[in-house]
Every structure is written in C-alpha cells, then in structure tokens.
Amino acid sequence: MDWPAWRADLFDPCKIPFSYRGSFYAISWLAEDGAFWLRNLRGGDEQTDLGRLFRLEVLAEPGQVADWSLAPDGLTVTAGAGVLRFVFDGPNRIIVAGQGLGLRLSAGNARYSYAQQAADHIHICHARQDLRCNIATVEGETQLQADWNGVSAEAVTVTLRPKDTRLEVQLDLFRVT
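Residues numbered from 1 in each chain as written. Predicted model: local features only at pLDDT ≥ 70, side-chain atom pairs only at ≥ 80, totals over all residues. Heavy atoms only, no water.

(A) Broad picture of the sheet that holds strand β3 (residues 35-40). In spatial order, the strands read β1-β2-β3-β4-β9-β14-β13; together these seven strands make up an open sheet with antiparallel pairing. The strands lining the two open edges of the sheet, one partner per strand, are β1 (18-19) and β13 (141-145). Examined bridge by bridge, β3 and strand β4 (residues 52-59) share four bridges and lie antiparallel to one another. When the bridges of β4 are listed, Trp37 appears paired with Arg55. (Pairing = 2+ DSSP bridges. Helix = DSSP H or I, 4+ residues; strand = E, 2+ residues; numbered from the N terminus.)

(B) View of the sheet that holds strand β7 (residues 82-88). In space, the eight strands of this open sheet follow the order β5-β6-β7-β8-β15-β12-β11-β10, with antiparallel pairing throughout. Looking at which strands have only one partner, the edges of the open sheet turn out to be β5 (67-71) and β10 (114-117). Strand-to-strand, the axes of this sheet are offset by a mean angle of 15°, without reference to chain direction. (Axes fitted to C-alpha atoms, helices over the stretch in contact; angles between N-to-C directions.)

(C) Local environment of the pattern of salt bridges. Scanning all chains against the criterion turns up nine salt bridges. Across the salt bridge formed by Arg52 and Glu32, the nearest N and O atoms sit 2.6 Å from each other. Here Arg52, found in strand β4, pairs with Glu32, found in the loop between β2 (25-30) and β3; they are 20 residues apart in sequence, far enough to count as distant. The class of Glu32 is exposed, set by a relative accessible area of 61%. (Salt bridge = Lys/Arg side-chain N within 4 Å of Asp/Glu carboxyl O. Buried < 20%, exposed > 50% of the residue type's maximum accessible area, 1.4 Å probe, protein only.)

(D) Region of the structure containing the packing of aromatic side chains. Inspection of the entire model under this criterion finds five aromatic pairs. Ring geometry for Tyr20 and Phe88: centres 5.9 Å apart, planes at 20°, overall stacked. One end of the pair, Tyr20, is in the loop between β1 and β2; the other, Phe88, is in strand β7, with 68 residues separating them in the sequence. Among the aromatic residues, those joined into a cluster by ring pairs are Trp29, Phe36, Trp68 and Phe86. The side chain of Arg42 reaches across the aromatic face of Phe24, ending 4.0 Å from its centre. (Phe/Tyr/Trp six-rings, centres within 6.5 Å; stacked < 30°, edge-to-face > 60°. Lys NZ or Arg CZ within 6 Å of the ring centre and 35° of its normal.)

See the structure below:
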C-alpha cells in the first residue's frame, strides 16, 4: 500500500517501533546500539536488556547504505537496487521477503541459549527470555554460527542470503510453557 508522502513524518522507523496488534514483538531502533533490533516486549521494564532478541544487519554490496522506511503495513529497507520487507503475519510470525539483499540476525551470548540447524529451518532457544524462534527458509540460503561452550552458545548469528536474488524467510516466535 502506498502512503502519501506528506504523511511520511508520522512513520519514522527510528522513532516508532514496528509491531502488530496483540504481539509482544517489535522491530525498533535502539540509538545506544545504532541498530535495529527484533525485541521481545513481554515484561516491559523488568528486562535490563530492553528485550533484545536479534540485532538486524542488512547485507548489501560494499558502499551501499541501507535506508529504512515504515508504513502501517510493513517495514522496508532498501540499499542500491535491493529491497527487504518485514511484515507481521499474525502476532507471532514475521515474514522477511525481498530481493538483492541479505540479512544477519545476531544475538549476544546468553546463559543456556542454543541453536540447531536443519535442512529447511533453524531453531533457536533464547533461554533468558524463555523464548524460541524457528526460522524457516522459503527462498534463499541460511548459515548458522553458534559456537558451543559446553553450557550454551557463545553467540548466535544467523546469516540469510538470497538465492537467485530472492530471499524469503518466516520467523516464528513462541514461548515454551
């Protein structure tokens, strides 16, 4: 959906988090890190890490600058001729789709967190927040880096790259009760 340019000031992605009604997840700019993060808002102020789940890093050609824009129905990032679009498909699923750009999701080390990769998806346990994330690949290639120290993963990094210029993944976030 195209939104009038004169309303663009209402949707500054560095000021307004992107979320979905009924969801505890948001993508928001954290100025102290100078980056966009996928965050868990459950628990509010009780979280000293502001609910950081994954730092979002756009993978573009060298010298290309990522430009983020927000509309009520999606968060879009462009760089050069590439584009990625983030949309919610319900309160617990985010679809990332586009062409010409990749995406790196990085989570710092957290005690007892782990990640596993299968042929078509990656499963991540974010133990401190009692959350699981399943990243299913529709189009593209995934790479998981999660060095195990005997107790947890030192850090979890998922690199999502386009295949034949297309990338589409589904991030399902859920709590284990």
